[in-house]
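Coordinates in review
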Amino acid sequence: MEKVTVKCKTAVYGNVRAELLYANEPMSFWGTVDPQTGTIRDNRHSLYQKNMSGKVLAFTTPKGSSGTGLIILEQVRCGCAPAAIINLRSDPVVLTGPLIAKRFYNVSIPVVNLSEEDYAKLEGAKEVEFHDDRDEIDIYY
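Quick summary incoming for the structure in this document. (Residues numbered from 1 in each chain as written. Predicted model: local features only at pLDDT ≥ 70, side-chain atom pairs only at ≥ 80, totals over all residues. Heavy atoms only, no water.)

1. Some points on the packing of helix 1 (residues 68-78) against helix 2 (residues 92-105)
Heads up, the rule is: Axis angles are defined between N-to-C directions and span 0 to 180 degrees, where every axis is a line fitted to C-alpha atoms and, for a helix, only to the segment in contact. By the criteria applied, helices consist of DSSP H or I runs no shorter than four residues and strands consist of E runs no shorter than two, each listed in order from the N terminus. Two helices crossing with the near one rotated counterclockwise from the far one by less than a right angle form a left-handed crossing, whereas a clockwise rotation gives a right-handed crossing. What makes two residues a contact is simply this: any of their non-hydrogen atoms within 4.5 Å. In this classification, Asp, Glu, Lys and Arg are treated as charged, Ala, Val, Leu, Ile, Met, Phe, Trp, Tyr, Cys and Pro as nonpolar, and every other residue, Gly included, as polar.
In the contact formed by helix 1 and helix 2, the axes pass within 7 Å of each other and the chain directions differ by 40°. Of the two elements, helix 1 crosses helix 2, and the hand of that crossing is right-handed. Across from T68, G69, I72, L73, V76 and R77 in helix 1, the residues of helix 2 making contact are V93, V94, T96, G97, P98, I100, A101 and Y105. Taken together, the residues that form the contact of helix 1 with helix 2 break down as 9 nonpolar, 4 polar and 1 charged.

2. With respect to helix 1
This is how the line gets drawn: For each residue, the accessible area found with a 1.4 Å probe, counting protein chains only, is set against the maximum for its type, and the residue is called buried under 20%, exposed over 50%, and partly exposed in between.
Every buried residue of helix 1 is accounted for by T68, G69, I71, I72, L73, Q75 and V76. On its buried face, helix 1 sits against strand 5 (84-87) and helix 2. Backbone geometry just after helix 1 places G79 at a positive phi near 75°.

3. A word on the environment of E74
Relative to the assigned elements, E74 resides in helix 1. E74 sits in the partly exposed class, given a relative accessible area of 22%. Once residues lying within four places of it in the same chain are set aside, the contact partners of E74 are P35 and Q36.

Encoded structure:
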């Protein structure tokens, strides 16, 4: 596999390498994600019927409800949370779930933000690797 390393702004650290599930659009968890399976159930979203369980989930920006953190926590409880999250800009709505999951469930869900230029490099990638000791990710094609 070809590897490209890019700089990122890390909001939540962790060591993960997993398959990438990529969308070039915003996403809401509330009403979009089945919290008990990890399947995206909004037929208007480009990831409709895809499952994020154990995958690196990339979407441009969060949108919607303050319930997003609760959905992510329920996914952790049910064993179907994403392995990591990549955004252009994360907000507290998304960060709440991974931060609380780390504290209460001892589950690490890394969250990073990329520049628009580097986010575009995710398209067509197979896997992404996160590191808990540096602000960069490795993208594998």
